[in-house]
Each structure stands twice: as structure tokens, then as C-alpha cells.
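Each chain is listed here by its residues.
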Amino acid sequence: MRASEVKAAVVSAIEAVTPDSQASARDVFKHVDNAGRTGMRAPDRVFFVDVSALPNRADLLTVDAYTVQLAVTVLYSVAPSKTEDRVLSDVEKISQGLINLAAQNADLYAAEITPIDMFESESIIEARITVDVIYRLTGV
């Protein structure tokens, strides 16, 4: 597995998360790559995944273990009520989905999730999460 495949697995895991029971059928987690970010007015639960630390050897007993750090940013429009509750619930659900990632792929050793912060800018709330993944490097 390569770092780009780790990123794709993280994206897939987040897109598979089911929002709360109050969400509509159209209210899903949707990944947007770099090209789609500029000046966009994002609907709820649009997210980006960026590499925040380049792949590096992991301190494990095996020589093919590498680690990569990814930054996940989920966007929400500011609604009159319950936005904070939705964000908090979503971060819990995303964390659970990512923790289970290693169990679903033999080349992933572990995923550590660290919710960083939540802040409001103009009419958007951003929730940021750091994901450190240890994986087995293959295909080089």
C-alpha cells in the first residue's frame, strides 16, 4: 500500500459514515479534492483530506512499516440551531469509522485520530481532525 492509497482509504471510510437520524437522504459526507475548493460555498458535510506530514518510516520491528499524517477538514453551514451538536456527533462517528479502518485492510496497521478544533468563519464552520496512519509499504 502506498500513501496515496492510505488517503483514498481514509476518504472512503469517511464517505461510508452515516450521519445522524435527522439527516436527509442527500445529507452525506462528500469528499472534494483540491480543485473544487476555491471560492466554493459548501453544503454540510463536504470534506477535504490533505497530507499534513509526508510518509516516514514507523518505529516498528518491521522494515516496511511507514506512517503518514492526514488532515481532515469537514465543512458545515452555520444554521440557526443544533449545528454544534451535529458537528460533535459527526466527529464521533468519523472517529469510529477511521478507528475500524485497520481492521478492514491488512496493509493498515493502525489509525490514530485526534480531533483538533472547530471554528467559525463567515457562514461556515470547520471541524478539523488529524489522522495518523501506520501502514505496510508495498508496490514500490
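Residues numbered from 1 in each chain as written. Predicted model: local features only at pLDDT ≥ 70, side-chain atom pairs only at ≥ 80, totals over all residues. Heavy atoms only, no water.

(A) Structural context of the overall build of the chain. Looking only at helices and strands, the chain has 3 helices and 5 strands in total. Sequence-ordered secondary structure for the chain, helices as α and strands as β, is α-β-β-β-α-α-β-β. When the 140 residues of the chain are sorted by exposure, 38% land in the buried category. (Helix = DSSP H or I, 4+ residues; strand = E, 2+ residues; numbered from the N terminus. Buried < 20%, exposed > 50% of the residue type's maximum accessible area, 1.4 Å probe, protein only.)

(B) Seen up close, the packing of aromatic side chains. Considering all chains together, one arrives at 1 aromatic pair under this definition. Relative to Tyr135, the ring of Tyr66 has its centre 6.4 Å away and its plane inclined at 40°; by these criteria the two rings are tilted. One end of the pair, Tyr66, is in strand S3 (residues 65-77); the other, Tyr135, is in strand S5 (residues 124-136), with 69 residues separating them in the sequence. (Phe/Tyr/Trp six-rings, centres within 6.5 Å; stacked < 30°, edge-to-face > 60°.)

(C) Spotlight on the side chain of Thr73. By the secondary structure assignment, Thr73 is in strand S3. The residues contacting Thr73, other than those within four sequence positions of it, are Val46, Phe47, Phe48, Glu126, Ala127 and Arg128. (Contact = heavy atoms within 4.5 Å.)

(D) Examining helix H2 (residues 83-99) more closely. Given a rise of 1.5 Å per residue, 17 residues ought to cover 24 Å, and the 24 Å separating the end C-alpha atoms of H2 matches this to within 8%. On its buried face, H2 is in contact with helix H1 (3-15), S3, helix H3 (101-104), strand S4 (108-121) and S5. (Expected span 1.5 Å × (residues − 1).)

(E) Quick look at the sheet that holds strand S1 (residues 30-31). Ordered by their spatial adjacency, 5 strands build an open sheet running S1-S2-S3-S5-S4, and the pairing between neighbours is mixed. At either end of the open sheet lies a strand with only one pairing partner, and these are S1 and S4. Pairing geometry for S1 and strand S2 (residues 46-57), over 2 bridges, is parallel. Across the sheet, residue His31 finds its bridge partner in S2, namely Phe47. Taken strand by strand, H1 contacts S1, S2, S3, S4 and S5, and its axis lies near 35° from that of S3. (Pairing = 2+ DSSP bridges. Axes fitted to C-alpha atoms, helices over the stretch in contact; angles between N-to-C directions.)

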